[in-house]
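# Residue-level structural notes
As a plain string of letters, each chain reads:
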Amino acid sequence: MKKIGILFGMEDTFPQAFVQRVNEKAEKGIIAEPVRIDKVIQNELTEYAVIIDRISQDVPFYRAYLKNAALTGTAVINNPFWWSADDKFFNNCLADQLGVPLPKTVILPSAEHPTDTTSKSFRNLAAPLDWEGIFSYIGFPAYMKPYAGGGWKNVYRLENKEEFFQKHPETGQLVMLLQEEIVFDEYFRVYCLGGKAVRIMEYEPRNPHHLRYVVDRAPASKKLLSTVKDYTMRLCQGLGYDFNTVEFAVKDGIPYAIDFGNPAPDADVNSVGQANFDWVVEEAAKMAIAYAKAQKPGKMNLTWGTFMKNSVESAKRF
């Protein structure tokens, strides 16, 4: 019997619906259930062939558990090693190489010295930075947000450099991105599961959270939707995310990737709506079952993106 587990926290709709849908399919030798952890012993196999991770981004103990599980053969969705290593700035750099349009972006050192460092720790860093060069490249208005953040936390919209210098000290030890504002005509949030199942959703990030998927807008052109799908698959396959959402701001017909590295994207029925919820439950169930069938106990069963695969292949040649 192969078990599919789901690891979750505050969620009250997706995990239960996922478990129910997998079990309704009644695949021979496969069942789904919430993950149960009573002890974690180094290099000891878990009882799960597949684990859908919805919470370890907030719980370091779970992250360590999942890395051990992955090492001993569990197919963890998403790859806990990869999402622990990447960040939004690196994602942008990789997306640029993949040919996906992006807002102009720079990374900034934290306003405050990290704990246990002093000014001597930053002797390689120019003081002051070339602020005029940075501002000239990005332009204003601009957005400032954590390079490794999420959930719209610590995000600032800045009108000018004076406002930047006023707000940047508030960010403390956070390393921030400064990013060009894309004044969009259309906006999409896109589910991508298994690097191939794609659902493009109309989205309005300026609405209250529960109304962001409720958009009264004329249908987008088939050409634009095809481009959005192509860019979504490029990003998710490049990064190696099995369960991800990608956001695009469309300006003058060009979809700019805004956010595309989400270890546990929103799948709550109360925010995404019933139709989107039903789709993601169904596709997640199909993906998990397929991964369970392919899983080889004691072997590595993680998804690695083309960036990592190509890097490894290149290293083998030397």
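What counts and how
Here, residues in each chain are numbered from 1, in the same order as that chain's written sequence. Confidence filtering applies because this is a predicted model: local features only for residues at pLDDT of at least 70, side-chain atom pairs given and counted only at 80 or more, and all residues used for totals across whole chains, interfaces and linings. Water and hydrogen atoms were dropped before computing side-chain values, which therefore reflect all heavy atoms in the structure. Strands here are runs of E lasting at least two residues and helices are runs of H or I lasting at least four, both read from the DSSP assignment and numbered beginning at the N terminus. Here, residues are in contact when the closest pair of their heavy atoms is within 4.5 Å. Think of each axis as a best-fit line through the C-alpha atoms, taken over the contacting stretch in the case of a helix, with angles from 0 to 180 degrees between the N-to-C directions. Here the word oblique covers every angle except those under 35 degrees (roughly parallel), over 145 (roughly antiparallel) and from 65 to 115 (roughly perpendicular). In a left-handed crossing the near helix is turned counterclockwise from the far helix by less than a right angle, and in a right-handed crossing that turn is clockwise. Lys, Arg, Asp and Glu make up the charged group, whereas Ala, Val, Leu, Ile, Met, Phe, Trp, Tyr, Cys and Pro make up the nonpolar group; the residues left over, Gly among them, are polar. Only buried residues count toward a nonpolar core, which is a set of Ala, Val, Leu, Ile, Met, Phe, Trp, Tyr and Cys residues joined through side-chain atoms within 4.5 Å. The classification of residues rests on relative accessible area computed with a 1.4 Å probe and restricted to protein chains. Under 20% of the type maximum is buried, over 50% is exposed, and intermediate values are partly exposed. Only strands that DSSP links by at least two bridges are regarded as paired with each other.

## Quick notes on the environment of Glu-112
The residue Glu-112 is located in the loop between β5 (105-108) and α5 (131-138) in this model. Each C-alpha atom, one on Glu-112 and one on His-210, is 35 Å from the other, the two residues being 98 residues apart in sequence. Excluding its chain neighbours within four sequence positions, the residues that come into contact with Glu-112 are Pro-169, Gly-172 and Gln-173.

## Some remarks on the packing of helix α1 (residues 14-25) against helix α9 (residues 274-294)
For the pair α1 and α9, the least separation of the axes is 9 Å and the interaxial angle reads 55°. As far as their axial angle goes, α9 and α1 are oblique. The chirality of how α1 crosses α9 is right-handed. Residues Phe-14, Ala-17, Phe-18, Arg-21, Val-22 and Lys-25 of α1 lie in contact with α9, whose contacting residues are Phe-277, Val-280, Val-281, Glu-282, Ala-284, Ala-285, Lys-286, Ala-288 and Ile-289. Of the residues in the contact of α1 with α9, the class split is 11 nonpolar, no polar and 4 charged.

## Some details on the nonpolar core
Ranked by size, the top nonpolar core spans 39 residues in total, and within it Ile-4, Phe-14, Phe-18, Tyr-191, Leu-193, Phe-243 and Val-280 carry the most contacts. If you tally residues by element for this core, the top one is α9, at 10 residues. If near-sequence neighbours (up to four positions away) are discounted, Ile-4 is found in contact with Phe-18, Val-22, Ile-30, Ile-31, Ala-32, Glu-33, Tyr-48, Val-50, Ala-288, Ile-289 and Ala-292.

## Describing the sheet that holds strand β3 (residues 50-53)
Pairing in this open sheet of 4 strands is parallel, and the strands run β2-β1-β3-β4 from one edge to the other. Looking along the sheet, the strands with just one partner apiece sit at the ends: β2 (30-34) and β4 (75-77). Direction aside, the axes of adjacent strands within the sheet are offset by 20° on average. Of the strands in this sheet, β1 (2-7), β3 and β4 touch helix α2 (residues 60-71), which is tilted by about 155° from β3.

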